Amino acid sequence: MGADYFIMFKGTGVEPVAFRDAYKRRNAAAWWSLPGVRQVLLHTPLPSHDPFLADKEPPLMLLQASFDTVAAAEAAMAAPARRQIADDFAGLPVREGRIQHEVLRTEAYPTATAKPVDRVAAAVSYFVHYTRPAEDEATFLAYYCSHHPPILGEFPELRALVLYLPTPWQDR
C-alpha cells in the first residue's frame, strides 16, 4: 500500500494543456528531486460527459506524486527540495486560481484483465473526487471499498484499478 500526493489546480483563462506545459517548464523536473518519489504524473482533462454525474468545470491539472508510504510522502514534503517547487500561480497563464492538495493512501485491485498494480502508467485515467465530509465517512468508505472495485474490475480492457483513500498526514 503506497501513498500519493495530489495537487489539484483549478482556474480560468487558459486551456489545460497550455497550463500543464507552463507548469511543467517551471516545476516538473524539481518533483523528481524529492526523496523517495517513485512517479510523477501530470493529468489534464479531456472533454467528456458522464450521464451519472453532474458536469462541472474540471481542474486545469492534477499533479500526482507517488511514494511507498505516507511517511515517505510526508518526509518528501518536508525536504529542502520541496521548497524549490512553487505552489502558486505566479508566472502561469491562469486567472482566479485555486489549489487543493492532500496525501491519499493507495489500494490496488485486480481487474478482469490485470493483476493489482500500485503504479499506474495508463495514458487515460478516470478520477472521481468525492467531496468531504461524508455523513459517516467510515461507513461510506467500507461500503465503497467492498462494492465499487468488484464492479469496476469487470469493465473490459481496464488496465489498472486503484482507489485513493483518505489518510491522516502532516503538512509540514
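Residues numbered from 1 in each chain as written. Predicted model: local features only at pLDDT ≥ 70, side-chain atom pairs only at ≥ 80, totals over all residues. Heavy atoms only, no water.

Q: Please explain the environment of R38 as it appears in this structure.
A: If you trace the backbone, R38 turns up in the loop between α1 (16-31) and β2 (39-43). Along the backbone, R38 and V14 are 24 residues apart, and their C-alpha atoms lie at a distance of 30 Å. A polar atom in the side chain of R38 sits 3.2 Å from the backbone oxygen of F67. (Helix = DSSP H or I, 4+ residues; strand = E, 2+ residues; numbered from the N terminus. Polar contact = N/O pair within 3.5 Å; in protein donor to acceptor, adjacent residues only side chain to side chain.)

Q: What exactly am I supposed to notice about the pattern of salt bridges here?
A: Where charged atoms from two side chains of opposite charge come close, those side chains can pair. The full count for this structure, using the stated rule, is three salt bridges. The salt bridge partner of D21 is R20, with a shortest N-O separation of 3.0 Å. Classification of R20 by relative accessible area gives partly exposed; the value is 23%. Taking the shortest distance from any N to any O, the salt bridge between D68 and R38 comes out at 3.0 Å. Of this pair, D68 sits in the loop between β3 (61-67) and α2 (70-78) while R38 is found in the loop between α1 and β2, placing the two residues 30 residues apart along the sequence. Here R38 falls in the buried class, since its relative accessible area comes to 15%. (Salt bridge = Lys/Arg side-chain N within 4 Å of Asp/Glu carboxyl O. Buried < 20%, exposed > 50% of the residue type's maximum accessible area, 1.4 Å probe, protein only.)

Q: Any chance you could explain unusual backbone geometry here in plain terms?
A: In terms of backbone geometry, most residues other than glycine have negative phi values and most peptide bonds are trans. One non-glycine residue with positive phi stands out, namely E96, at about 50 degrees. Under the relative-accessibility criterion, E96 is labelled exposed at 62%.

Q: What exactly am I supposed to notice about α1 here?
A: Each turn of an α-helix holds 3.6 residues, which means side chains three or four residues apart point in the same direction. An ideal rise of 1.5 Å per residue puts 22 Å on 16 residues; α1 reaches only 20 Å between its terminal C-alpha atoms. For α1, the principal kink sits at K24 and spans about 55 degrees. Buried residues of α1: P16, F19, A22, Y23, N27, A28, A30 and W31, and no others. Next to the buried residues of α1 lie β1 (3-12), β2, β3 and α2. (Expected span 1.5 Å × (residues − 1). Bend = angle between axes of the 7 residues up to and from the residue. Contact = heavy atoms within 4.5 Å.)

Q: Teacher, can you tell me more about the environment of L42 here?
A: Looking at where L42 falls in the secondary structure, it is placed in strand β2. Sequence separation of L42 and T69 is 27 residues, and the distance between their C-alpha atoms is 20 Å.

Q: What's the story with a nonpolar patch on the surface in this structure? I'm lost.
A: Together, F52, L53, Y126, V128, Y130 and F140 make up a nonpolar patch on the protein surface, roughly 670 Å² of accessible area in all. Along the chain, V128 turns up in the loop between β4 (95-109) and α3 (137-152). Residue classification places V128 among the partly exposed positions, given a relative accessible area of 37%. (Patch = residues over 30% accessible without salt bridge, like charges linked within 9 Å, V, L, I, M, F, W, Y side chains within 5 Å. Areas by Shrake-Rupley, 256 points an atom, 1.4 Å probe, with all protein chains shown as cover.)

Q: Mind showing me how you'd approach the packing of aromatic side chains here?
A: A ring pair, where both rings are aromatic, is described by two values, the distance of the centres and the angle of the planes. All chains considered together, the criterion is met by seven aromatic pairs. Ring centres 6.1 Å apart and planes at 75 degrees place the aromatic pair Y5 and W169 in the edge-to-face group. Of the two residues, Y5 is situated in strand β1 and W169 in the segment after β5 (161-166); the sequence distance between them amounts to 164 residues. Taking the relative accessible area as the measure of exposure, Y5 reaches 2% and is therefore buried. The interplanar angle of 20 degrees and the centroid separation of 5.7 Å between the aromatic rings of F140 and Y144 together place this pair among those described as stacked. Of the two residues, F140 and Y144 both sit in helix α3, four residues apart, roughly one turn of that helix. Cluster of aromatic residues (ring-pair linked, three or more members): Y5, W31 and W169. (Phe/Tyr/Trp six-rings, centres within 6.5 Å; stacked < 30°, edge-to-face > 60°.)

Honestly, it's all geometry; don't read function into it.
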